[in-house]
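Listed below are the residues making up each chain.
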Amino acid sequence: MTPPAPKAHRARSSRAGDGSRNYRVAVIPGDGVGKEVTPVALEVLRAVAASGGFRFVSEEFPWGSDYHARHGEMMPADALDTLSSVDAILLGAVGSPELADHVPVWGLVLPIRQRFDQYVNLRPMRLLAGAATPLAGRSAEDVDMVCVRENSEGEYCGIGRRVDRGEDTETAEETSVFSRRGIERVARFAFELAASRPRRKLASATKSNALRHSMVLWDEVVAEVAAEYSQVEVTRYHVDALAARMVNHPETLDTIVASNLFGDILTDLGAAITGSLGLAPSGNLNPERQHPSMFEPIHGSAPDIAGRGIANPIGTIWAGAMMLEHLGETAAHDRIVAAIESVVAAGRVRTPDLGGDATTKELAAAIGEAL
Ligand code: GGG
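Residues numbered from 1 in each chain as written. Predicted model: local features only at pLDDT ≥ 70, side-chain atom pairs only at ≥ 80, totals over all residues. Heavy atoms only, no water.

**Notes on the pattern of salt bridges**
Scanning all chains against the criterion turns up 20 salt bridges. Close ionic contact of Arg 149 with Asp 264 constitutes a salt bridge, the shortest N to O distance being 3.6 Å. Separated by 115 residues along the polypeptide, Arg 149 in strand E6 (residues 144-150) and Asp 264 in helix H8 (residues 260-273) bring together distant segments of the chain. Assessed through its relative accessible area of 1%, Arg 149 is described here as buried. One salt bridge in this structure joins Glu 170 and Arg 162, with 2.8 Å as the shortest N-O distance. Glu 170 gets classed as partly exposed once you look at its relative accessible area, which sits at 30%. Residue classification places Arg 162 among the partly exposed positions, given a relative accessible area of 47%. One connected set of salt bridges, linked through shared partners, spans Asp 144, Arg 197, Arg 199 and Asp 254. (Salt bridge = Lys/Arg side-chain N within 4 Å of Asp/Glu carboxyl O. Helix = DSSP H or I, 4+ residues; strand = E, 2+ residues; numbered from the N terminus. Buried < 20%, exposed > 50% of the residue type's maximum accessible area, 1.4 Å probe, protein only.)

Right, here's the structure in full:
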C-alpha cells in the first residue's frame with residue numbers, strides 16, 4: 001500500500017545489533033469508542049508480533065476530552081515533544097458531546113499531523129468480500145480505491161477569523177492555503193502509489209471551475225508531476241462529479257488524490273460504500289520518516305454507542321496493520337489484513353454496523369483466531 005520511502009530517508013524502526021526488531025508505539029485511545037477499539041487492536045498487534053519475530057513496546061497516553069475536563073486542554077503542553085521520540089502513534093478517536101467539535105480536532109489531531117509533517121493521509125476504500133455494500137449489484141472486484149488526502153495545509157490550515165460577534169455584520173473567514181510544494185509532494189506520493197498498483201490510474205479531485213486560485217494551482221501542479229509518470233493514466237474530476245462516480249462507477253476508479261477537505265469527505269463516502277465507517281483505516285504519514293506517523297480508524301468517538309462494547313474494531317486493527325507496514329513489517333500487515341478478510345467473508349462474527357450482534361471483543365477475538 002505505501003510506496004517505498006525515498007532511499008535517502010532513514011527508517012524510524014530500531015533494529016538492534018542482534019537483528020531483533022523493536023518498535024516504540026505511543027497509544028492514544030482518546031474518547032468514546034476509541035477507548036474500546038484501541039485495546040483490542042493492540043491485542044491483535046501483539047499476537048502478530050509474537051509470532052512474527054518483532055516486539056513493540058506501547059506507552060498509553062490518557063489524552064482527550066476527559067483530560068480536557070480535568071486540565072482544560074486535550075493534551076499537555078509537552079505532548080508533541082513526548083511523541084517526537086516514538087516510532088509510531090496509534091490513535092483511537094476524539095470527540096465529545098461536552099466539547100465543541102473543533103476543540104478535540106484542533107486540540108489533538110491536527111497539531112500532531114502538522115507538527116510531524118504527516119502530509120499524506122492514506123485511506124484505503126476497499127469492499128471486502130462478505131461486507132454488504134449499499135451499491136446494488138456491486139462486489140469486491142468493483143470497489144478497490146485508495147485516497148491520498150493532502151493532510152498538512154489546504155482547507156485545514158487553521159487560518160481565519162470571526163468578527164463582529166453577535167452583530168448583524170457578524171462574519172467568519174476560513175482561509176485555504178495551497179502551496180506548490182505542498183501539492184507537489186502529495187501528488188508525487190499519489191503517482192508513486194498509483195504506479196505501484198495494477199490499474200495504474202490516478203483521479204485528481206479538483207474544483208477549479210469555482211475555486212479559481214487554489215484549485216487552478218492544484219491542477220497545474222498535478223499536471224506537471226504527471227509528466228514524470230507516463231505509465232499512470234491521470235484524470236481530473238471536479239469533486240462533485242467524482243463523488244457521483246464513486247457511487248455510480250466505482251470500478252473506474254483506483255487511486256485518488258485530493259485536498260484535505262475533499263479527501264475527508266470522499267473517504268467517508270468511500271467507507272459508506274464499502275459497508276461501514278467502522279471498517280475504514282487510515283494512516284497519517286510522514287513518508288520521509290523524519291517524524292513519527294500516526295494511524296487511526298477514520299471513524300470518530302461515536303458517543304451514541306460508546307460504552308456498550310459494540311463498536312467495530314476492524315478500522316483500528318487495519319490501521320494498526322498499516323502502522324506495521326509503515327514500520328517495515330509487511331508480512332505482519334498482510335497476515336492481519338488476511339485475517340480481517342477471512343472473518344468478514346465468513347460472516348459469523350459481525351458487530352451491529354455490519355448487521356450482526358457481536359461485541360467489539362468477540363470480533364477482535366475472531367480476527368486473533370484467524371491469524
Ligand atoms: N479516528 C480519529 C478521530 O476521531 N478523528 C477525528 C478527526 O480528526 N477528524 C477530522 C479529520 O480526520 O480530519
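**Some details on the domain arrangement of the chain**
For the chain, the domain assignment lists domain 1 (1-119 + 281-371) and domain 2 (133-274). The straight-line distance from the C-alpha centre of domain 1 to that of domain 2 is 24 Å. Between domain 1 and domain 2, the contact holds 14 residues from the first and 18 residues from the second. Between domain 1 and domain 2, roughly 1300 Å² of surface is buried when both sides are summed, and carbon and sulfur atoms account for 61% of that area. For the pair domain 1 and domain 2, the number of links is one salt bridge. Note that Asp 117 and Arg 185 form a salt bridge whose closest N and O atoms lie 2.9 Å from each other. Taken together, the links from domain 1 to domain 2 amount to five residue pairs in polar contact (both at pLDDT 80 or more). For the side of domain 1 that touches domain 2, the secondary structure elements donating two or more residues are helix H4 (102-115) and strand E12 (281-285). Broken down by element, the side of domain 1 that touches domain 2 gets its largest block of residues, four residues, from H4. Grouping the constituent residues of the side of domain 1 that touches domain 2 by class yields eight nonpolar, four polar and two charged. (Domains from an automatic or database assignment. Contact = heavy atoms within 4.5 Å. Buried area = accessible area lost by both parts, 1.4 Å probe. Polar contact = N/O pair within 3.5 Å; in protein donor to acceptor, adjacent residues only side chain to side chain. Nonpolar A, V, L, I, M, F, W, Y, C, P; charged D, E, K, R; others polar.)

**Remarks on unusual backbone geometry**
In the Ramachandran plot, Asp 164 falls in the positive-phi region, its phi being about 55° despite a non-glycine side chain. Relative to the helices and strands, Asp 164 is located in the loop between strand E7 (160-163) and strand E8 (171-174). Phi is positive for Arg 200, which is not a glycine, with a value near 50°.

**Some remarks on the packing of helix H10 (residues 330-346) against helix H11 (residues 360-370)**
Where H10 meets H11, the axes come as close as 8 Å, and the angle between the chain directions of the two elements is 120°. Classified by the angle their axes make, H10 and H11 are oblique. For the pair H10 and H11, the sense of crossing is right-handed. Contacts from Ala 339, Ile 340, Ser 342 and Val 343 in H10 reach Leu 363, Ala 366, Ile 367 and Ala 370 in H11. Classifying every residue of the contact of H10 with H11 gives seven nonpolar, one polar and no charged. (Axes fitted to C-alpha atoms, helices over the stretch in contact; angles between N-to-C directions. Parallel < 35°, antiparallel > 145°, perpendicular 65-115°, else oblique. Left-handed = near helix turned anticlockwise from the far one by under 90°.)

**A look at the site of the ligand**
Taken together, 15 residues lie around the ligand, and Arg 113, Arg 149, Glu 296, Pro 297 and His 299 are the ones closest in. In the environment of the ligand, a nitrogen atom lies 2.7 Å from a nitrogen or oxygen atom belonging to the backbone of His 299. Bound to the protein, the ligand loses 89% of the 360 Å² it would expose on its own. Broken down by secondary-structure element, the contributors of at least two residues to the shell around the ligand are strand E4 (88-93), H4 and strand E13 (293-297). Grouping the constituent residues of the shell around the ligand by class yields seven nonpolar, three polar and five charged. (Near = heavy atom within 4 Å. Areas by Shrake-Rupley, 256 points an atom, 1.4 Å probe, with all protein chains shown as cover.)

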